[in-house]
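One letter stands for each residue in the lines below.
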Amino acid sequence: MENLLSNPAVHAGVAPFIAALIVVLLLQHTRLGGLAVVAAFCTAVYFVAGFTFTPLTVTRKIILLGFAAPIIGVLADFAFKPTRIGAAVLALCGAAGALWAFWPVLAQKPAVEAWLLGISTVVAIAFMVGFALLYLTGDSVRAGAAGLGLGLATGLAAILGASGSYGSYGIALGAAAGAFLLPQMIAGKKGFAGATFTLSVTLTAGLVAAGAMILAKLAWYTLLVLALVPVGACLPVPQKAPVWLQAVLLSLYSFIIGGAACALAWRFPDGITG
Amino acid sequence: MTKLAIGLIALTLPLAAAAQVESYNIDPYHTVPYWETDHVGFATMRGRFDKPTGKFSIDRAAKTGTLEIVIQTATLSTGDPERDGRARTRDEHLRTPDFFNVTEFPTLTYRSTGVKFKGDDPEVVEGNMTLLGVTKPVSLRILRWKCGPDPRTAGKRYQCGGNATGTFKRSDFGMKFGLPTAIGDEVTVWMSFYGFRT
């Protein structure tokens, strides 16, 4: 049992998936199934780093923002109607959160590098969050597929960018999205994603990927390609196709874009941070 | 006349006492902190930091001393700097937030809080190490210690040199990646050191 619990695959994949699946099964009828993301993320944090927040490092700020995202998502789902302005405001809040997390490190870097990394971070996170809130919140299968592709690609790209812990967080997000999709695929019925799911998965994945870029070796252009993963989940699929087939096709689209990001991280790893 | 003599003695006494405190600047080229830890339960892996800076002082009469070392964490090396077709090297991995997080925490510092002597020589340095923004007590045992004229300068420069060792748990400093089985928690430090008297 001890060996099992010390296995990185359990930390990043199996345990977060189980935690997320339990949350989805318990809450899927209450519009709170998206809390699966934070359940999986919490599980990975517990195994990888623990819940220590002093000193408040960049990684710990990312974790705090990952915990805050579902709270804001729930508020957005229950208190406000989804609007373009609301999506834009949350996207800007996500970008501001990223600057709060990364500013102390960016400020130490040479100006050109700091600007490139900072702009890449802000653009990628604002785009991911804004796009997902605009186009994915209303379709839980598309949102789930985007989260699956984005999480797994972020995790793999972070590992290629030399950070195993950030890789674990990314894979845990992918596992959460997988757990979110699975009951829908089995039941053949779509659920509810809302901002609870989409904001949580895109903001956290974006922060993890940006962290792998600023603190490890992930190149800035890999982050920008990762930001396009949610777009893949908006590509057309047969509307009358069964839910499981839609989920498979949309996940495939996400994997293709995510795979391109990982291929960049593998073949051209030396960004400006190198 | 007697008063003048007493006054002069009184004036020179503190100077004589101060003269017993010898100050040294650390030689960055011959002071090399190595560290080692268990790797997946099979072997012990070693790494080192290059060109640390700092100073130490010693007062043999009062049996006191101080030590301050600053290490640039980005200088770490385990002998794996080239990718050779891999996505990353071990040294690159060690520089990420999984381990030393060198971008966010570019320095590792050690500051003594006390020195224990055995005879005329320092034996144990008690102090605080700051790693990853966390400060914890770490002791360094002096394994070897010698002071004298530097033969490389025909005795013009006076130096002290030796070796020191200590251990700490990296998890105490928040470095938890690879625990409990992949990478060992206990880290042993072994260093050669030299200081030139100022």
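Scroll up a little and you will see the structure.
Just so it is clear, the structure is predicted and the values come from calculations on it, not from any experiment. (Residues numbered from 1 in each chain as written. Chains lettered and ligands numbered in written order. Predicted model: local features only at pLDDT ≥ 70, side-chain atom pairs only at ≥ 80, totals over all residues.)

### Some remarks on the overall build of chain B
Phase 1 of the analysis: If you tally the helices and strands in chain B, you get two helices and 10 strands.
Phase 2 of the analysis: Walking chain B from its N terminus toward its C terminus, one meets helices and strands in the order α-β-β-β-β-β-α-β-β-β-β-β.
Phase 3 of the analysis: Relative to the compact-globule value of 16 Å for 198 residues, chain B shows a C-alpha radius of gyration of 21 Å, a clear excess of over 25%.
Phase 4 of the analysis: Principal-axis analysis of the C-alpha atoms places the extent of chain B at approximately 85 × 35 × 30 Å.
Phase 5 of the analysis: Across the 198 residues in chain B, those meeting the buried criterion constitute 28%.
Phase 6 of the analysis: Counting contacts in chain B only where the partners sit at least 6 residues apart, residues at least 24 apart contribute 55% of the total. (Helix = DSSP H or I, 4+ residues; strand = E, 2+ residues; numbered from the N terminus. Rg over C-alpha atoms; globule rule 2.2 N^0.38 Å. Buried ≥ 20, exposed ≤ 12 C-beta atoms within 10 Å, placed from the backbone. Contact = placed C-beta atoms within 7 Å.)

### With respect to the interface of chain B and chain A
Phase 1 of the analysis: Contact residues are listed per partner, giving 17 residues for chain B and 21 residues for chain A.
Phase 2 of the analysis: Residue composition of the side of chain B that touches chain A, grouped by class: five nonpolar, seven polar and five charged. (Nonpolar A, V, L, I, M, F, W, Y, C, P; charged D, E, K, R; others polar.)

### Brief notes about the packing of helix 7 (residues 140-160) of chain A against helix 9 (residues 194-214) of chain A
Residues and elements named next belong to chain A.
Phase 1 of the analysis: Packing of helix 7 against helix 9 leaves a shortest axis separation of 10 Å and a crossing angle of 15°. Between helix 7 and helix 9, the crossing angle belongs to the class labelled roughly parallel. Remark: the crossing between helix 7 and helix 9 carries left-handed chirality. Judged by residue contacts, Ala-143, Gly-147, Leu-150, Gly-151, Thr-154, Ala-157 and Ala-158 of helix 7 engage Phe-197, Thr-198, Val-201, Thr-202, Ala-205, Val-208, Ala-209 and Ala-212 from helix 9.
Phase 2 of the analysis: Looking at side-chain class alone, the contact of helix 7 with helix 9 contains 10 nonpolar, five polar and no charged residues. (Axes fitted to C-alpha atoms, helices over the stretch in contact; angles between N-to-C directions. Parallel < 35°, antiparallel > 145°, perpendicular 65-115°, else oblique. Left-handed = near helix turned anticlockwise from the far one by under 90°.)

### Focus: the packing of helix 4 (residues 58-79) of chain A against helix 5 (residues 84-106) of chain A
Residue and element names in this part refer to chain A.
Phase 1 of the analysis: In the contact formed by helix 4 and helix 5, the axes pass within 10 Å of each other and the chain directions differ by 165°. The pairing of helix 4 with helix 5 is recorded here as roughly antiparallel in orientation. In this structure, the crossing between helix 4 and helix 5 has a hand that is right-handed. Together, Val-58, Lys-61, Ile-62, Leu-65 and Ala-76 of helix 4 and Gly-86, Leu-90, Gly-97, Trp-100, Ala-101, Phe-102 and Val-105 of helix 5 make up the contact between the two elements.

### Looking at the nonpolar core
Phase 1 of the analysis: With 106 residues, the main nonpolar core has Ala20(A), Ala36(A), Ala40(A), Ala157(A), Ala176(A), Ala209(A) and Leu226(A) as its most contacted residues.
Phase 2 of the analysis: Not counting chain neighbours up to four residues away, the residues in contact with Ala209(A) comprise Thr154(A), Ala157(A), Ala158(A), Leu218(A), Leu223(A) and Leu226(A).
Phase 3 of the analysis: With 28 residues, the next largest nonpolar core counts Tyr24(B), Leu108(B), Tyr110(B) and Met175(B) among its residues. (Core = buried A, V, L, I, M, F, W, Y, C linked by C-beta atoms within 7 Å.)

### Quick notes on the environment of Val225(A)
Residues and elements named next belong to chain A.
Phase 1 of the analysis: Assignment of secondary structure puts Val-225 in helix 10 (residues 220-226).
Phase 2 of the analysis: In this structure Val-225 comes out as buried when scored by C-beta crowding, with 22 C-beta atoms within 10 Å.
Phase 3 of the analysis: A sequence separation of 39 residues divides Val-225 from Leu-264, and the C-alpha atoms of the two residues are 8.9 Å apart.
Phase 4 of the analysis: Discounting chain neighbours no more than four positions away, the residues touching Val-225 are Ile-257, Ala-260, Ala-261 and Leu-264.

### Describing the environment of Ser6(A)
Phase 1 of the analysis: Position of Ser6(A) relative to the elements: it lies in the loop between helix 1 (2-5) and helix 2 (8-27).
Phase 2 of the analysis: Its 15 C-beta neighbours within 10 Å are what place Ser6(A) among the partly exposed residues.
Phase 3 of the analysis: In sequence terms Ser6(A) and Leu264(A) are 258 residues apart; their C-alpha atoms lie 30 Å from each other.
Phase 4 of the analysis: Look past the residues within four positions of Ser6(A) in its chain and what remains in contact with it is Pro180(B) and Thr181(B).

### Quick look at the pairing of strand 4 (residues 53-59) of chain B
Phase 1 of the analysis: One ladder, built from five bridges, connects strand 1 (residues 21-26) of chain B with strand 4 of chain B; its direction is antiparallel. Bridging from a neighbouring strand, Glu22(B) pairs with Ile58(B) of strand 4 of chain B. (Pairing = 2+ DSSP bridges.)

### Here we look at unusual backbone geometry
Phase 1 of the analysis: In this chain, Thr54(A) is followed by Pro55(A) through a cis amide linkage whose omega measures -10°.
Phase 2 of the analysis: Within the secondary structure, Pro55(A) is located in the loop between helix 3 (36-48) and helix 4.
Phase 3 of the analysis: The amide bond that connects Leu179(B) to the next residue, Pro180(B), takes the cis arrangement and shows omega of 5°.
Phase 4 of the analysis: By the secondary structure assignment, Pro180(B) is in the loop between strand 9 (158-169) and strand 10 (186-197).
Phase 5 of the analysis: For Asn101(B), which is not a glycine, the phi torsion comes out positive at approximately 50°.
Phase 6 of the analysis: Counting through the fold element by element, Asn101(B) comes out in the loop between helix 2 (90-95) and strand 6 (107-118).
Phase 7 of the analysis: Notably, Ala154(B) is not glycine yet its phi reads approximately 55°, a positive angle.
Phase 8 of the analysis: You can see Ala154(B) is positioned in the loop between strand 8 (134-149) and strand 9.

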